[in-house]
Every structure is written in C-alpha cells, then in structure tokens.
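# Summary of structural features
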Amino acid sequence: MQETRGRVTKDGIRIYEDADFAGMRAAGRVAAEILDMMCPLVVPGVSTAALDDFIREEIGRRGVVSATIGYKGYQHASCISVNHVVCHGIPGTKVLADGDILNIDVTVIVDGWFGDTSRMYVAGAAPRKAERLIEVTYESLMRGIQAVKPGNTFGDIGYAIQAYVEANRMSVVRDFCGHGLGRVFHAPPNVLHYGRPGKGAVLEEGMFFTIEPMVNLGRPETKTLSDDWTAVTRDKSLSAQFEHSIGVTATGCEIFTLSPADKFFHTA
C-alpha cells in the first residue's frame, strides 16, 4: 500500500495533505452512489440478503473493492440493521415487512482510499415514531458536522449530537463510535457521539474521520448477539443511524459521502 504523506498528532491522528482530499472524494462518491441505488430496492418482501447481493454485484461492476468482505472474517458487502438492530446487522433471509426501518452501511476502497457511509431507509410506510427517530438522528449528524472546524474539539462534536438527541427525549448509543479513516478502514481518533464542549483532541485541517451517531427511541444500552457482530438495543426499542465521512478544511469541513442524487435523507 502506498505510504501517505503527512504528520501524526500527539493523539495519534494523521493529518492528510490537500492532494489526499481528491482520493477521499472519489471513494466517498462511489459509496454514496451505491446507497442512492438502494432507494427503490428497499420494499416490503425483499430480503436483506438480496439487498446485499445487489451491493456486492454493483461494487464488482464498478471495479472497486468492498472493505467489509473478509474484514475480521465478515463475508458481506454491507451491514444491514433492521428496527432494533443498532449496527453491524448481517444480511440474511430476513424479509422486510411494511414499516420496517433499516440502516444500510457500505464501505468501498477506491485506489487505496476508503469511502464509508450509511443511511436509513423505510420499507413501505413507517409509523410516525419511527419517522421521528430517523429525523432526529439525521439532524443530530448534521449538528455534529456543523461543529467541525479547526480549533474546535471532538468533545464539541459529541456535545452537539448528544444535546440535540436528549432534548428530543431519545438516547445516544455509547458503545460504538465514529473513527478515523483514509488509506485504512479504522484509525484514531474515536469519534464519540456524546461529550463535553472543549474536551478531547483539537480539530486540525487535514483530519479525516466518520461521524455516525446511533440513536435509540429507548435507553442507550446495547448488547451483541452470539454471532459476535449484530448489536441490538437491550430494551428492544427502535434504533437509527446516519454516517458521513468528512475531512477538516481551513474553514470547516468537506463531506465526502454526500448523496449525488440528494437521497441521503430518504424515508419513502
């Protein structure tokens, strides 16, 4: 793998160079385009395995690489998390029912750069409480992103997310977090979706990482099932998640995984 230039901060966070943004932009666009293609496919009666098969085939058709197939033994091109599954749901024979909500998470490697994104979908018509959960989760992500600029801290990001979610009487999952990425899938920092203003590492231009809040209608606690992947809410309440990959710029940030078709926030 090509060595990436740039320095590493005292917190172990790599600072990328201006030229590296182009690689992340290309990888993020591919991942976002694939998720755009899922919108008409998420319907009652389809299995999560069929959705994953489409993603696998589309990745192959584009001549890029799935980051998840073979990762720590995982054998699927996506994670698909339905209803009370918080994250890392394994595609399988489960058939979607009317009103199911689901997160589809895809990571691709394009010319050595990792594009990582996820978003929520609805099979048919969701109950209002599920729609509200999706809306709050999306808005919490965007509020976290708005806190990204040089001089702010990772605590500022977490606080922006947590304050909004809890003001809406929902809870932020604490067992999973965002992460650095670039020419590797996971790297420092851990991007917590809760926190205190001014705490944590200081944001610098050239940092690349994901923000991916998981929000529960009930309590924040999760448990991982016996497959060692699937995380669910302990109280079986609904959960939602949105994820963008971003890079810190001189004045704010660039979102690498914006939907080219403006379908990132898609609930019907």
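Here, every reference points to the structure presented above.
### Concerning the nonpolar core
With 37 residues, the main nonpolar core has Ile-101, Val-148, Phe-154, Ile-157, Met-207, Phe-209 and Ile-211 as its most contacted residues. When contributions to this core are tallied by element, the ones reaching two or more residues are β5 (113-122), α3 (128-146), α4 (154-167), β9 (208-211) and β14 (244-248). With 7 residues, α3 is the largest single contributor of residues to this core. Excluding anything up to four places from it in sequence, Ile-101 contacts Ser-81, Val-82, Asn-83, Met-120, Tyr-121, Val-122, Ala-126, Ala-130, Leu-133, Ile-134, Leu-238 and Ser-239. Counting residues in hydrophobic clusters, the runner-up holds 35 residues, among them Ala-27, Val-82, Val-108 and Tyr-121.

### Section: unusual backbone geometry
The linkage connecting Pro-188 with the following residue, Pro-189, adopts the cis geometry, with an omega of 10°. Relative to the elements of secondary structure, Pro-189 occurs in strand β8 (residues 187-191). Although it is not a glycine, Lys-236 adopts a positive phi angle of roughly 65°. Checked against the element boundaries, Lys-236 lands in the loop between β12 (231-233) and β13 (239-241). When its relative accessible area of 65% is taken as the criterion, Lys-236 is described as exposed. Phi angles above zero are rare outside glycine, and Asp-262 is one such case at about 60°. Its location among the elements puts Asp-262 in the segment after β15 (253-255). A relative accessible area of 70% places Asp-262 in the exposed class.

### A look at the pattern of salt bridges
Evaluated as defined, the whole model comprises 15 salt bridges. Arg-61 is paired through a salt bridge with Glu-58; the nearest N and O atoms lie 2.6 Å apart. In this pair, Arg-61 and Glu-58 both sit in helix α2 (residues 48-62), 3 residues apart, roughly one turn of the helix. Exposure remark for Arg-61: the relative accessible area of 60% places this residue in the exposed category.

### Examining the sheet that holds strand β11 (residues 222-224)
The sheet built from 3 strands is open, its strands ordered β3-β12-β11 with antiparallel pairing. Edge positions in the sheet fall to β3 (85-87) and β11, since each of these pairs with one other strand and no more. On average, each strand axis in the sheet is tilted by 40° relative to the strand beside it, whichever way the strands run. Inspection of the sheet shows β3 paired to β12 by 2 bridges, in the antiparallel sense. By the bridge assignment for β12, Val-85 is matched with Val-232.

### Some remarks on the pairing of β14
Burial of β14 is extensive: 5 of the 5 residues sit out of reach of the surface. Burial along β14 is two-sided: the face carrying His-244, Ile-246 and Val-248 and the face carrying Ser-245 and Gly-247 are both buried. Pairing analysis gives 4 bridges linking β9 to β14, with the strands arranged antiparallel. In the sheet register, Thr-210 faces β14, and the bridge partner there is Ser-245. Where β14 meets β15, 3 bridges bridge the pair, whose relative direction is antiparallel. When the sheet's bridge partners are listed, Ile-246 is paired in β15 with Ile-255.

### Some details on the packing of α3 against α4
Running from N to C, α3 and α4 point in directions that differ by 150°, and their axes come no closer than 8 Å. Taken together, the axis directions place α3 and α4 in an arrangement best described as roughly antiparallel. Where α3 crosses over α4, the two elements pack in a sense that is right-handed. Facing Val-136, Glu-139, Ser-140, Arg-143 and Gly-144 of α3, the residues of α4 in contact are Ile-157, Ala-160, Ile-161, Tyr-164 and Val-165. Residues that form the contact of α3 with α4 fall into these classes: 6 nonpolar, 2 polar and 2 charged.

Rules and cut-offs
- Residues numbered from 1 in each chain as written.
- Predicted model: local features only at pLDDT ≥ 70, side-chain atom pairs only at ≥ 80, totals over all residues.
- Heavy atoms only, no water.
- Core = buried A, V, L, I, M, F, W, Y, C linked by side-chain atoms within 4.5 Å.
- Buried < 20%, exposed > 50% of the residue type's maximum accessible area, 1.4 Å probe, protein only.
- Helix = DSSP H or I, 4+ residues; strand = E, 2+ residues; numbered from the N terminus.
- Contact = heavy atoms within 4.5 Å.
- Salt bridge = Lys/Arg side-chain N within 4 Å of Asp/Glu carboxyl O.
- Pairing = 2+ DSSP bridges.
- Axes fitted to C-alpha atoms, helices over the stretch in contact; angles between N-to-C directions.
- Parallel < 35°, antiparallel > 145°, perpendicular 65-115°, else oblique.
- Left-handed = near helix turned anticlockwise from the far one by under 90°.
- Nonpolar A, V, L, I, M, F, W, Y, C, P; charged D, E, K, R; others polar.

Purely geometric stuff here, so don't read any function into it on its own.
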